[in-house]
Amino acid sequence: MSTAPAIELKGISKAFGPVQANKDISICVMPGTIHGIIGENGAGKSTLMSILYGFYKADSGDIFISGKKTEIPDSQAAISVGIGMVFQHFKLVQNFTVLENIILGAEEGRLLRPSLSKARGVLKSLAEEYELSVDPDALVENLSVGHQQRVEILKALYRQAEILILDEPTGVLTPAEADHLFRILEGLRAQGKTIVLITHKLREIMEITDTVSVMRRGEMTATVRTSETSPDKLAELMVGRKVLLRVDKKPATPGANVLEIENLHEFGENGVERLKGVSLNVRAGEILGIAGVAGNGQSELLEVLGGYADATGTVRMNGVPLDLAGRNSNGQSRRARGIGHVPEDRQHEGLIMDYAAWENAVFGYHRDPAWQSGILMNNAAIRADASGKMDRFDVRPPNPKLAARNFSGGNQQKIVLAREIERNPDLLLIGQPTRGVDIGAIEFIHQQIIALRDAGKAILLVSVELDEIFALSDRIAVMFDGHIMGFRDPSETNERELGLMMAGITGEAAA
Amino acid sequence: MDKMPAWADAVLVPLISLLLAAFLSALVILAIGESPVEAFSLMVEGALMRSSGWGYTLYYATNFMFTGLAVSVAFHARMFNIGGEGQAMLGGLGVALVCLYIPWPHWSLALMAASVGAATFGALWALIPAYLQAKRGSHIVITTIMFNFIAAALLNYILVNLLRPMGAMDPATARFPEAVTLPTFQDMFSTAAEPMFRGAPANVSFFIAVLACVAVWLLIWRTRLGYEIRAFGHSDTAARYAGISPVKITVVAMLISGGLAGMMAINVTMGEAERLIMNATEGAGFIGIAVALMGRSHPLGVFLAAILFGFLYQGGAELALWTNIPRELIVVIQALVILFTGALDNMVRMPLERVFLALRRSPKTTSPVQKAAE
């Protein structure tokens, strides 16, 4: 008897209004394998998995679990047929213990104690079986991100999941934590569990999956054996054309210091110190890349330099100190000093999503006298300028009247980049330039950043993607827990060394 | 892509809401044994078919334009100013002081000064909640609504103890001097042969309200301040990134909002009562919320919604006068309109969006694949 596939989807279609998120998708995942689903943002990966987990109902198509046709109207139904999901953003109660989180929604009876003690036993055996050790009595808020993710996996296993879906699981992990996660997944596979891994990172697909399906614009373009493909082929399938995965760039010719930071301290709203004495410098004509796991002070560094978080210490721009608090410390005064800023979160900071593209094209520079005529704003001039910017940065569709939220992530980012780069800043701060951006646009965005460097500007790049840090940086600084762990030359370091530094192990100890 | 065309959003949604409200009102009128058709024709007759009816409708509409604009401006900065009532009361005080204590040679000068006085007092009354919101994070909804009560108490005190003429029994100021009497529509449009707007309180401040609509439109969509107010309203994090001061925008938007609400007093206090009385605002500050919601915070929408509510007010008064429909029921009808156009907006919008999506999809996406699947 041949085994039935663990998951089989036949002809799944789903539309959100005029947007066809999934078009006639068929997929077959065999039990005991790791199946990767790869595709650009907006390709429909998450929609497909949400249908499988009962969040959305497909417009048409059938779901078969272990060979049986199954209706999944809600997530309870998904759990009962053995599907577990680990979301990109964890769904844990922060002030509950690990144990309490695990039984949440799976309590057996009105009293908690029996469920808790049963869970404790199960947890212990799971921990031994799969290298999934977590202190059951620790509060979730005190756990590292990697451990929180383990709690999510344990939650699914506790509910007897046979099929585990992981949505972008490594986005928040250090390379070492990601390696550990992959060992866990391999252990699960060895036990006959089926794993679906959703990701946009080609490297992970190549490293761990058995088969891989590629999605593009709502369609499944290919399903191949991982051993029979290559990253270049997959990228081509994702984008629909040949893609340069490496950016060409000449060696940097750095000039004088543009930005000098000495002993920078920043305290968050609740008094938590998030920058603990950062010192660094960026020279004209170089890209300083700041590597680190999200949440180690990179965002705060950008906020301080961008003028919207107060700090103490010294920051000099072209040799002249900047105010780090008070009336003259804001986005306007920073821009006046020649600092451009492409923020990490373009949807909540860089753009007003309900503003038309042309209104966004001057956002932050809207007080420039060029855009005023008397007491009114010169909207005609702004629109004309926006048209030109969108043309030069290949923003599609090239319609300045369209609201920002109607552009794809990559095109939104191009609007922000066009605005900041065309002001010709002496220093450009860039946070996560290609987060949520499709591969095709990544190439273009990287080229623009390098062109700005070649024009002799200083660039401070923050990214959680090590590949991006390596591709762009002329020097790399690693941040951990509000400190700079050290500087490295990209040609003389490797991911392993940076990974250790990102986990707080100093360069000397790592070497 | 937008879910439905702009015209549907601006016209169809309020229209359907209005029809639903009218339908329910008809049921209510039926239930107490009166004829809804008769009631409706009486309302139209009384509010729209005679020039004096229009005179009342536009008088009420003037109030609602000011308060509706006030709420709209605050909405654009994502603040909910429920304090229009109190701000309008204090605006009345500003008007009274200007009219009583300065000898004016001509009403036009007095009107300009009274407008400034009304706006200043209204704005200052909004300043305290705005400051508390900006600096202390006290929620503007809570503070503005509490300031309504404080305004009423303060005004009561001032009228009874300070401004009441010797010997007078009611809490009101003395009558304003003749020189500051505003020309009514009757004065302006009547000819000897054909009297118009007879006895109606609509007056020249209606035109100030229309000017205010234009000014607010310019402010919100054509000036840098409006750009910043809308930016802050859409996303305070993005505003922070751009260097727009949240404190400044909160305070300035609320000052403008309070000023507009205060200006309502030139219509009621200077144009109609010609003295400052208690409860001159008669809930117009709250109606302004419904007007702003129905008008989508756009001055043109506010203008139209204000006239609609003016019609409801005047038509309701006619009903109370000529039928056995009790006064309370008219309040119910007004409440139904507010409920459907304001609070239950999404109830109409969502199905309508679905209809438009279905309409848009049906012609082109019947792809061969789907046909085969059927």
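Residues numbered from 1 in each chain as written. Chains lettered and ligands numbered in written order. Predicted model: local features only at pLDDT ≥ 70, side-chain atom pairs only at ≥ 80, totals over all residues.

S.K.: So, the overall build of chain A: which residues are in play, and what are the values?
M.R.: Of regular secondary structure, chain A possesses 18 helices and 22 strands. A compact globule built from 511 residues would reach a C-alpha radius of gyration of about 24 Å, and chain A, at 25 Å, matches this within 12%. Across its three principal axes, chain A shows a C-alpha extent of roughly 75 × 50 × 45 Å. Out of the 511 residues in chain A, the part that is buried amounts to 46%. (Helix = DSSP H or I, 4+ residues; strand = E, 2+ residues; numbered from the N terminus. Rg over C-alpha atoms; globule rule 2.2 N^0.38 Å. Buried ≥ 20, exposed ≤ 12 C-beta atoms within 10 Å, placed from the backbone.)

S.K.: Could you give me a rundown of the overall build of chain B, with the residues and numbers involved?
M.R.: Broken down by element type, chain B carries 16 helices and 0 strands. If you line up chain B on its principal axes, its C-alpha atoms span 90 × 60 × 40 Å. For chain B, the proportion of its 374 residues judged to be buried stands at 48%. A separation of at least 24 residues holds for 76% of the contacts in chain B among residues at least 6 apart in sequence. (Contact = placed C-beta atoms within 7 Å.)

S.K.: Go over the sheet that holds strand E2 (residues 19-29) of chain A, please, and point to the residues and values.
M.R.: All names here are of chain A. Read from one edge to the other, the open sheet built from 4 strands follows the order E2-E1-E4-E5, with strand pairing classed as antiparallel. In this open sheet, the two strands that pair with only one neighbour each are E2 and strand E5 (68-70). Between one strand axis and the next, the sheet turns through 30° on average, direction left out of account. Here strand E4 (residues 60-65) runs beside E5; their pairing, made up of 3 bridges, is antiparallel. From the neighbouring strand, Phe64 faces E5, where its bridge partner is Lys69. (Pairing = 2+ DSSP bridges. Axes fitted to C-alpha atoms, helices over the stretch in contact; angles between N-to-C directions.)

S.K.: Break down the domain arrangement of chain A for me, with residues and values.
M.R.: All names here are of chain A. The assigned domain composition of chain A is domain 1 (7-239) and domain 2 (257-510). With centres defined by C-alpha atoms, the gap from domain 1 to domain 2 works out at 33 Å. On the domain 2 side, the residues contacting the 10 residues of domain 1 number 13 residues. Contributions of two or more residues to the side of domain 1 that touches domain 2 are made by helix H6 (175-190) and helix H8 (231-239). Per-element accounting of the side of domain 1 that touches domain 2 gives the leading share, 3 residues, to H8. (Domains from an automatic or database assignment.)

S.K.: Before we move on, could you go through the interface of chain A and chain B and cite the residues and values that matter?
M.R.: Contact with chain A, which involves 29 residues of that partner, is made by 20 residues of chain B. Across the side of chain A that touches chain B, the residue classes tally to 10 nonpolar, 14 polar and 5 charged. (Nonpolar A, V, L, I, M, F, W, Y, C, P; charged D, E, K, R; others polar.)

S.K.: Now, about unusual backbone geometry: what can you tell me, with residues and values included?
M.R.: With an omega dihedral of -5°, the bond running from A:Arg396 to A:Pro397 counts as a cis peptide bond. With respect to the helices and strands, the residue A:Pro397 is situated in the loop between helix H13 (379-392) and helix H14 (409-421). The phi dihedral of B:Arg78 falls on the positive side, at around 50°, and the residue is not glycine. Structurally, the position occupied by B:Arg78 is in the loop between helix H3 (51-76) and helix H4 (84-101).

S.K.: I'd like a rundown of the pairing of strand E3 (residues 34-39) of chain A, residues and numbers included.
M.R.: Residues and elements named next belong to chain A. Most of E3 sits out of view: 6 of its 6 residues are buried. Where E3 lies against strand E8 (residues 194-199), 5 bridges are found, and the strand directions are parallel. Pairing of His35 across the sheet is with Val196, part of E8. Here E3 runs beside strand E9 (residues 211-216); their pairing, made up of 5 bridges, is parallel.

S.K.: Lay out the nonpolar core in plain terms, naming residues and giving numbers.
M.R.: If you look at the biggest cluster of nonpolar residues, it comprises 258 residues, and the most contacted ones within it are B:Met65 and B:Phe309. At 15 residues, H3(B) tops the list of elements feeding residues into this core. Taken domain by domain, this core gets at least three of its residues from each of domain 1 (7-239) and domain 2 (257-510) of chain A. Apart from the residues lying within four places of it in its own chain, the contact partners of B:Met65 are B:Ala209, B:Ala212, B:Cys213, B:Val302, B:Phe303 and B:Ala306. (Core = buried A, V, L, I, M, F, W, Y, C linked by C-beta atoms within 7 Å.)

S.K.: Summarise the sheet that holds strand E7 (residues 163-167) of chain A; cite the residues concerned and give the values.
M.R.: Remark on secondary structure: sheet strands pair via backbone hydrogen bonds, oriented parallel or antiparallel. Residue and element names in this part refer to chain A. Strand order in the open sheet made by the 6 strands is E6-E7-E8-E3-E9-E10, with mixed pairing throughout. For this open sheet the edge positions go to strand E6 (83-86) and strand E10 (219-225), each flanked by a neighbour on one side alone. The average angle at which neighbouring strand axes cross in this sheet is 20°, direction not considered. Where E7 and E8 come together, 5 bridges link them in parallel fashion. Bridge assignment links Ile163 to a residue of E8, and that residue is Thr194. Along the sheet, helix H5 (residues 145-158) makes contact with E6 and E7, crossing E6 at roughly 170°.

S.K.: Hey, could you go over helix H11 (residues 246-273) of chain B for me, with residue numbers and the actual values?
M.R.: All names here are of chain B. With 28 residues, H11 extends 39 Å between its outermost C-alpha atoms, agreeing within 8% with the 40 Å of an ideal straight helix rising 1.5 Å per residue. The buried count for H11 comes to 21 of 28 residues, which makes it a mostly enclosed element. Just downstream of H11 lies Glu274, where phi reads positive at about 60°. (Expected span 1.5 Å × (residues − 1).)

S.K.: Which residues make up H6(A), and what values go with them?
M.R.: Residue and element names in this part refer to chain A. Relative to the 22 Å expected for 16 residues at 1.5 Å per residue, H6 spans 23 Å between its end C-alpha atoms, a close match to the ideal helical length. Regarding H6, the residues found buried are Glu177, Ala178, Leu181, Leu185 and Leu188. Each buried residue of H6 sits inside an arc of 100° when the element is viewed along its axis, so together they form one side. Of the surrounding elements, those touching the buried residues of H6 are E3, helix H4 (112-130), H5, E7, E8 and helix H7 (202-208). Gly192 occupies a position one or two residues after H6 and carries a positive phi of about 90°. (Arc of directions from axis to C-beta.)

S.K.: So what's going on with the environment of A:Ala418? Residues and values would help.
M.R.: With respect to the helices and strands, the residue A:Ala418 is situated in helix H14. Here the alpha-carbon distance between A:Ala418 and A:Gln432, two residues 14 residues apart in the chain, equals 16 Å.

S.K.: Which residues make up the pairing of strand E12 (residues 273-283) of chain A, and what are the values?
M.R.: Residues and elements named next belong to chain A. Pairing of strand E11 (residues 257-267) with E12 involves 8 bridges; the strand directions are antiparallel. Opposite Phe267, over in E12, you have Glu273 as the bridge partner. Where E11 folds back onto E12 in an antiparallel hairpin, the turn is made up of 5 residues, including Gly271, whose phi is positive at roughly 80°.

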